[in-house]
Each structure stands twice: as C-alpha cells, then as structure tokens.
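# Chains, contacts and geometry: an overview
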Protein chains: 2
Amino acid sequence: MESRKASDISAFFEPRTVAVFGSLKETTGAGWGAIRNMLDFGFKGKIYPVNPSGGEIFGLQVYTTVEQVPEPLDLAMVIIPPQAVPATVQQCGRKGIRAVIIGTEGFAEADEGGATLQRHILDLAHRYGLRILGPNTIGVVNTANGLVTTPYPTGYKSFLKGGIAYCGQSGLVSAHSHPMEPYAYPLSKICDFGNKCDVNEVDLIDYLSQDQDTKVIAMHLEDIKDGRKFLEIARKTVVKKPVLIFKTGQTEAGAKAAASHTGSLSGDDRIYEAAFRQAGILRLGNWTGFWEIPRIFASQPLPGGPRVAIISLSGGAGVVAADLAVKNGLVVTSFSDKTKQKLLAFSPRLANNPVDIGPAATVANDPISLSEAIMSVVLADKMADSAVILMHSGLGRAITPLIDMLRRVHRNTTKPLVVWMDGPVPSVTAQLFCELARDGLPTYLDLEAAIKALSLAVAYSRIKSEFSECAA
Amino acid sequence: MESRKASDISAFFEPRTVAVFGSLKETTGAGWGAIRNMLDFGFKGKIYPVNPSGGEIFGLQVYTTVEQVPEPLDLAMVIIPPQAVPATVQQCGRKGIRAVIIGTEGFAEADEGGATLQRHILDLAHRYGLRILGPNTIGVVNTANGLVTTPYPTGYKSFLKGGIAYCGQSGLVSAHSHPMEPYAYPLSKICDFGNKCDVNEVDLIDYLSQDQDTKVIAMHLEDIKDGRKFLEIARKTVVKKPVLIFKTGQTEAGAKAAASHTGSLSGDDRIYEAAFRQAGILRLGNWTGFWEIPRIFASQPLPGGPRVAIISLSGGAGVVAADLAVKNGLVVTSFSDKTKQKLLAFSPRLANNPVDIGPAATVANDPISLSEAIMSVVLADKMADSAVILMHSGLGRAITPLIDMLRRVHRNTTKPLVVWMDGPVPSVTAQLFCELARDGLPTYLDLEAAIKALSLAVAYSRIKSEFSECAA
C-alpha cells in the first residue's frame, strides 16, 4: 500500500491483513459473524480477531490488543459499542492501520451525542492519518479476494464474479440483504457508506473508476457530500464506465427520513437532476432498477443506436414492450425488405416488429429451432441495434433446449440482448432466469427494467462518445 | 340460464355442461389439454368431448357430433382449425348452445381472409342467438366451479379462491402464463377476450359487477370497443367495486403492435386517460402492477385517508418508501404526541415516521416481540390511516415466528396494511411472501407496487364515496 497516495482507499477492498474488533460470541457476536463470513467466502488475506477475552476462534488466535498482532495491518473492521470506538480508533492509528470500517450504529444518525462522538473519531482519523468507512455501515465485499465484512449471515458462500460494483447508503446494499449469489449478479465490489463521516462517494467513484474488475458503478445515495468534486470525478469516470445513481430522499418526507437514517441532507432533487445530466450520470428510479439494470453493462456490448427489435412469444407482451420502448426513448425499428422477406418465409404474419413468434411456434414441429432461426434473421438486420426477447418459461420440460437455444443466439450476435420472461411455475422461471444470468445474458422478471436497461445502454453509448470527445 | 336476458354471459363462467371441440391427441391436442385442465381443477359440471374419432378419453365418452350429446349444453370450447370453425358454430347454434369460446387463432388478427372468416362466424352467432368469446383466446377460469378452459398445462391444480377477477387481451392473462396458485393470488375469475369479435369488456364488466365472488376487477385492454357504453357501466360498477385498467397500445408503435396482435385499434391515450378519470377507473402502469396491486382490494379495508405510517427494518428502505408515498399522493403522517411518547419509551430514536425499527431490533432480546409492540402502537394512532411494513426475510430460522407476528398485527388492526420485503435467500423470501399473501396480507417484492397499491386504495375510497353521492 505504501506507494499509493494518502487518499487511496484500496486498503478497504484489498487488505492483506485484517483486524476484527467485536463480540466473538458464537452465532450472535458481530466479530464472530464478520470472521465467519470472511472464512466462508474464502478471504485470501490474514484475519486477526482482537478481543479482551483472548483465546482462539475458528482456529485463529484472538489478540487481546491490536498492538500484539505480530505484523502490519491493512484494515480494521470495528463493531463494538459506540463509546468504545474512539479508543479503538486510536489503537488502530498507533498500530499504523490506514483503513478502519466502523460498523457500530449510534453516531450522527442517532442524536447530538452521537454526532459529537462521530466528529471526535473523525478528528482522531485525521490525527493518525487513517481513513474511516462509516460509522453505521456493514462495510464492503470484494469478490476478487473473498473479503466480506458484514456480521450477518448471507445464506450462501460464494459470488458470481463480474463487473458490477454496488455502493449504497443502506444495509440493503449488502450480501445479507439481497440474493447476490442466488440471483447471479455478476459482482466485483459492494460498499455500504453508512454515515460517510470520511470515505464517501467521491472516494468510491475514484477508486472504482480505476478498478479493473469493475465495468459499471451503481450507487444508491441519500446525499452527496462534495457535489463539485463528485461531478468532476464522475465526468472523468463516465468516459471509461457507466455511473448509475439511485438518488433517494427526493421528497421532503424522504429527505427528513434520510436525515434520521444516516444524518444526510438530501437537498433539492432538481439540482441533482441537472447536475447528474451534466456529468453524464444515468439515473435509476427504484430498487428493482438499481439491482437489475446494471446487468446489461456487465456483459453486453453497447448498442449502436436506439433501434430495438422486439421478439415475443406473446402478442400482448410485445405491445407492452413497444409502449415501454417508445416511452424510454427507443425506436421500435422497421426491418429491411430482405429481413421481411426472410421472416415471411417462416410465416405470413412475421414481417412486423414486434415479431410475434407465438402463432408460428404454436404449430411448429420444432418451436425452439424455429424461434432460433427467426431470432438469427432479426439480429442480422442492420436496422436493429439491439433486441429484447420476451419468453415464456413453461413447465420446465423443454428448459434445457430453451436455455441452450438462447445461449446460442446470445453467442452468435454482436448486438446487445435482454430477455424477459414469465411462467406459471416460479421455480422453473427462476432456473431459466438464473442460468441465463449466470451466462451473461441479462434476464429480467420485470419488463420495465429490461427495456429501461436497453434505453440506458443507448444513453450511455451516447454519453461515452460525447464525453470522450470533450476530453480529447 | 333460461330466465336471464340474452346479453347475459354467465354461461361462459357457470356452465353446467360443456362441449369441448379439439384434437384429443394425448398431451399435445388442444381438446385433450382443455379437458385435462377441467378435470385437474375439479370442474363441477359435465364435460362432453366432441371429435369425429369417437371413442373414450379420461373415461368420458367422445361424441362424434354435438347433436348426439344427450342433454342441453351451456358452453362450447372450440379449438379446431379456422376453416372448420363456422360449421361447428352452426352445429352449436342448432344444439341450442348460447355460449361459444373460440380458442382458434388465424382470424382478424392474422389477415384479411381471417377477418372475413371472423365476420362470418359473428353473423352465424347473431343468426343463432349465441355469444362468442374470442376467437384467438385461451378462454376463462372460474375458481368457484373449477372451470379452466386453457389447453395448456399450468403446473398446478388448484387456485386460492378470492376476490380478484383478471381480464385481458392476451394469453399472458392466464393460468398457464402466470403463477396464479404458487403466488397465492386470491382469484375469482379470469377471462382472455382474444379478438373480442362479440363478448368484450362491456359484457365482462357488467357480469363481474354483479358477481358476488369478485371484489375487484383488473383489466388489461388494448382497445375499448364501445367507449360510451363501457364508461357508463364502469361508472355504475365503481360504486360497488374498484375497476383497475392496464391500457396498452399507448404509443404509436404499441398501437400498431396491438393491431397485428388482436386486430385492436388502440386510439389516442389522452382520450382514454380523461375518460377513465371521469368514470372513476383506476389506471395500472405495468404488468407488475396489473398482477400485484389488486391484492389490496381483495382483502384490505379501504383507508380512511391518505396518511400512511411507514414501519421499516431498514432506514434506507424507509427513505425510498417515503419518497414513493409522496410521489403517489400519500401523506407521510406525523404521529400524535401520545404515540411519540410510547415509541420513545421503546427507543430514543423512534418518534419519527418512517419508524426505523432496525437499530432497536438489532439490540433487542426479542426483536419480533419488540417489532410487534411498535407496530401496534403505530397502528393505534388516529393520525395513521394505513401502514406499509418493510421487512427483511432473513435466512428462514425465525420465519415462523415472523409470519405469526405479522399475522397477529394484521388481525388486530382495522387499517389497511401492505408488506414489502427483500432477503438473501429467494426460497425464504418466497415462503414469507406466499404464506402472508395466502393469509390475505398483501405482500410485495416490489416496493413501488406496494406503495402504489396503498395510493390506489386511497383513490378508490374517494371515488367510491363521490360516485355514490352522484348516484344517490
């Protein structure tokens, strides 16, 4: 770490050694939980439990003070009562630790006493030249090295490694709150900012813009601490990778709630809207979008333009997708004459967009091959920049051929694809959804999110080239 | 049926006897599939397969012509090639059948030839005084008598009986397309209009307004055939029960798609918007809302006003809910001084709305009892007309106590409640969602749908009293 600059926060994600302060009581202790997670997710660094109790846990020696740890420490995870935090921060400072995550609640988000305590630990941080993430945070995840600092159990023990970094100002943005692995989110990092007394979105966007594993940055924010600096870094970042923000506390009631949640001052939403637009930041409107939309940027090429082909097993779903496409600024393309002729050869009703496969598939001997052939023709048309495929998951009898077919269609095109599906058996729909998502084909249970993802990909494509020209 | 008026469509839902025309080929035949479903779902009437093959199927005698059926028939389900449909309609007419569902595709939605054929069968219907549902429809469901006409397998064999009637202009609005039973939709009827050559939304809304089992009508429509009549009946209906419409084909591209899907002419959306408002019809914006929002009307009392209490395990989710509430016209209420004092006795940070249970629950010995006590205090406050409860489903260890607690909270209040939840293990979240939904507590995986449901309940409460006054 020594060679990096003081503001560098890489130690929060890439520590070789971590001290964990917190109760080691089995199953319920916060320290116990954080260590359990690091072990379960195969953290590649060394873990040093620190607790006055001493002894041993999970085969690791427990140190009664951090001074006794026999080697330099890169990161401390601190989940102890608020009043004990300042002394621990001092000990960390003396030990030379440069990155401290404070999981403890009861600081600025709680009351004036907590705010005073928070200012105090920040003073200590400045004095010792260390950085603080939190307080009131569940910390970070780094899928590259298995670092998972949340003290809460997640129900799973691995992640799908991929390009999405999720940052948030809530414990909802966490491996223990959302099915990161079960729903196959291709993940690089997670960071919960908590109260943001020190490390905030400016540091994160700076770090993630340089992170090779991160292809897209999705942030849930209640406020922005230093707007000018944030927008400046965002502008530079969007040339390299998309920045998607779900800004909450947009209304007076929401802002008031944010103030008592993380001590945030949310500010006027119109100002954020204008600033985000100028900085090339894309906006997400809800939790579903926050989680689902980044998938498209993790695996799909950027569309060459706004012209979308809609391929649907259901005529009614095609109508809804066409409405959504237009409302989100996409163009429901017309196919070239050559494509129309090829489609008409499959069925006399197939020249339009949306391409309603349903009637032809119903009477086909091999509906899966027919669907594949139709999709290939549509995707080969220069009039289409992208496609949304609306499927029915069925009962699971034909699930393997269906998955294989969609994988081939995905592999054989250079255009961005998204899939939406519904079906009568949730476990079958979930299997299809997960297997395709795991394969890098963004698959959605919410049609609005699928179309919105495509439209943001088009928007980002434009932003990327515009901002690159400005920078050149 | 004899005593009812000619326009009565009850035979489509309440037949004592049904003739099924269609291939009886095992597993793939449309007639076979429809009969299989009627048997699986325990249809209480008599089923008469009609097929030139004769013989026997599922222990039922197959009649080579409908004339040979030894008793009067109330309904015919016809799924045979288009060119054969007119002769069958004639036979049905001669047999005295007054209700015919035509499942067959290839009519007005297909081409000019199909449109001519459709006009022809409509002429026949008029000549014989029978009503046609379709063509190009999967027909109906009636949970009261087990009538399920879709030829496609659903993967389940029962429904949760309840107050929602779903009607749509797509096979997506069907037991084989959406997990009606697995996701515990409290269901009375389903009807797919198909091409609406005869029976349409006017007939349906008229029928459903009088149906004792139906408490809320949710319609997916691409067009409205007779606007004046529809709005007139809707105005009368909304005094008794809410009418929710998801109108698609709103954009030019969507309307064009609708024309080639069901031959619909969608018309200018602004006109629909104004007309719906005047008729007291509530509008749904997407598929998720179409399916999920009606739940609140099936089981919850109407809110006395717009003041909502937000009770959340997550501060960040509370902020989002507050934003959504305000954006949807709800008021994030302030609690009475008495309630504030009671809440402060639980924790010094609990007097605000959203009520962030998280910090207190984390350190409580019995977080479930604490949550229940807090919810009871909040729901007793006269300043709150309704509540949204934002939960975390966890790993499943405490799922039974959690479900039981929410059930008690639900049982002990006279105010409308909705629940939203997320969690790391999809199967646990699904279990919580389904068990609560089955118990009549509307539970959502999409926070926007949960808040929108509450806001439409407030809107309907106002509509109901305004329209009742007008009618008085």
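The preceding data block contains the structure.
Figured I'd write up the structure that's included with this text. The residue numbering used here restarts from 1 in each chain and proceeds along that chain's sequence as written. Lettering for chains starts from A, numbering for ligands starts from 1, and both go in the order in which the items are written. Only residues with pLDDT of at least 70 get local features here, since the model is predicted, and only at 80 or more are side-chain atom pairs given and counted; chain-wide, interface and lining totals rely on the full set of residues. Neither water nor hydrogens contribute to the side-chain values; these are computed over all heavy atoms in the structure.

Further remarks concern the overall build of chain A. The helix and strand labels rest on DSSP assignments: H or I over at least four residues marks a helix, E over at least two residues marks a strand, and numbering proceeds from the N terminus. Per the secondary structure count, chain A includes 16 helices and 20 strands. Based on C-alpha atoms, the radius of gyration is set beside the globule rule, defined as 2.2 Å times the residue count to the power 0.38. The C-alpha radius of gyration of chain A comes to 25 Å, within 12% of the 23 Å expected for a compact globule of 472 residues. Throughout this description, buried means an accessible area under 20% of the type-specific maximum (1.4 Å probe, protein chains only), exposed means over 50%, and partly exposed covers the range between. When each of the 472 residues of chain A is scored for burial, the buried share is 63%. It only takes one pair of heavy atoms within 4.5 Å for two residues to be counted as in contact. Across chain A, every contact between residues at least 6 apart in sequence was considered, and the portion connecting residues at least 24 apart equals 74%. Only carbon and sulfur atoms are counted for the fraction: they give 52% of the accessible area of chain A, which is about 17,300 Å². Calculation of accessible area relied on Shrake-Rupley with a 1.4 Å probe; when residues are assessed, cover is drawn exclusively from the protein chains displayed.

Here we come to the environment of S455 of chain B. Residues and elements named next belong to chain B. Within the fold, S455 resides in helix α16 (residues 447–471). Exposure remark for S455: the relative accessible area of 9% places this residue in the buried category. As for S455 and N353, which are separated by 102 residues in sequence, their C-alpha atoms are 17 Å apart. Leaving out residues up to four positions away in the same chain, S455 has contacts with N328 and L330.

Attention shifts here to the pattern of salt bridges. Just to be clear on terms, a salt bridge is a Lys or Arg side-chain nitrogen sitting within 4 Å of an Asp or Glu carboxyl oxygen. Applying the stated criterion across every chain yields a total of 47 salt bridges over all chains. Here E372 of chain A and R408 of chain A are joined by a salt bridge, their closest N and O atoms 2.7 Å apart. Of this pair, E372 of chain A sits in helix α13 (residues 367–380) while R408 of chain A sits in helix α14 (residues 399–411), and the two are 36 residues apart along the sequence. Its relative accessible area of 31% is what places R408 of chain A among the partly exposed residues. Between D439 of chain B and R407 of chain B there is a salt bridge whose closest N-O contact spans 3.1 Å.

Residues and elements named next belong to chain B. A two-sided burial pattern is seen for strand β6 (residues 99–102), the buried positions comprising A99 and I101 on one face and V100 and I102 on the other. In this description, strands pair whenever DSSP reports at least two bridges between them. Relative to β6, strand β5 (residues 75–79) is paired through four bridges, and the arrangement is parallel. In the sheet register, M77 faces β6, and the bridge partner there is I101. Note that the unit made of β5, helix α2 (residues 85–95) and β6 has a crossover that is right-handed. Pairing of β6 with strand β7 (residues 131–133), which is carried by three bridges, proceeds in the parallel orientation. Bridging from a neighbouring strand, I101 pairs with L133 of β7. Whether a crossover is right-handed depends on one test, that the path from the first strand over the helix to the second runs clockwise when the strands point away from the viewer. Note on the crossover from β6 through helix α3 (residues 112–128) to β7: the handedness is right-handed.

As a further point, take the side chain of T104 of chain B. Residue and element names in this part refer to chain B. Along the chain, T104 falls in the loop between β6 and α3. A relative accessible area of 7% places T104 in the buried class. In the analysis that follows, any N or O atom pair within 3.5 Å is treated as a polar contact, provided that within protein one partner can donate a hydrogen and the other can accept it, and provided that, for residues neighboring in sequence, both atoms belong to side chains. Within the structure, T104 has its side chain in polar contact with the backbone oxygen of I80 (distance 2.6 Å).

A few words now on the relation of the copies chain A and chain B. Superposing copies: least-squares fit, C-alpha atoms only, residues required to have pLDDT of at least 70 in both. Mapping chain A onto chain B leaves a residual RMSD of 0.0 Å; the transformation is a rotation of 180° accompanied by 0.0 Å of translation along its axis. Both copies of the chain, as the preceding transformation shows, are related through a two-fold rotation axis.

Any functional reading would require information beyond the geometric quantities listed.
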